[in-house]
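A look at the structure
For reference, the chains in residue letters:
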Amino acid sequence: MPDENEGYIKVGVRVRPLDARRGAGSSLKVEPGKASITNGNRPPFFYSHVFEREDNATIFKAIGVPLVSNVLAGYNGTLMAYGQERSS
């Protein structure tokens, strides 16, 4: 059964590290420990999970495994991935 103290909707965000070209002058502040992302002087956005350099397996363990467990227990679940893949 899902933990009722955590709510029903969870949002996890992975922010790709900015390279030198895109990161120059960027005010984006990613804080995985606080599960927040801040852009400039704006208030931070808080999420259930914030990832920065983690690989897909680590992210799946944090988000996918609990989701699959809840689905197998009879609850609805959706995992949506959106974003551009890096080309080699």
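One can find the structure itself at the top, above this paragraph.
Residues numbered from 1 in each chain as written. Predicted model: local features only at pLDDT ≥ 70, side-chain atom pairs only at ≥ 80, totals over all residues. Heavy atoms only, no water.

This part covers the pairing of strand β2 (residues 28-31). As paired elements, β2 and strand β3 (residues 36-39) share four bridges and run antiparallel to each other. Note on β3: the bridge partner recorded for L28 is N39. The turn joining β2 and β3, which pair antiparallel and follow one another in sequence, is formed by four residues; a positive phi near 55° is taken by A35. (Pairing = 2+ DSSP bridges. Helix = DSSP H or I, 4+ residues; strand = E, 2+ residues; numbered from the N terminus.)

Moving on, we get to a nonpolar patch on the surface. Nonpolar side chains collect at one region of the surface, where F60, V65, V68, L72 and L79 lie side by side and expose about 490 Å² of accessible area between them. The class of V68 is partly exposed, set by a relative accessible area of 40%. (Patch = residues over 30% accessible without salt bridge, like charges linked within 9 Å, V, L, I, M, F, W, Y side chains within 5 Å. Areas by Shrake-Rupley, 256 points an atom, 1.4 Å probe, with all protein chains shown as cover. Salt bridge = Lys/Arg side-chain N within 4 Å of Asp/Glu carboxyl O. Buried < 20%, exposed > 50% of the residue type's maximum accessible area, 1.4 Å probe, protein only.)

Moving on to the sheet that holds β3. The strand order β2-β3-β4 describes an open sheet built from three strands, whose pairing is antiparallel. Both edges of this open sheet fall to β2 and β4 (45-46), since each of them pairs with a single strand only.

Attention now moves to the environment of N41. Turning to its location among the elements, N41 is positioned in the loop between β3 and β4. Separated by 14 residues in sequence, N41 and S27 have C-alpha atoms that sit 8.5 Å apart.

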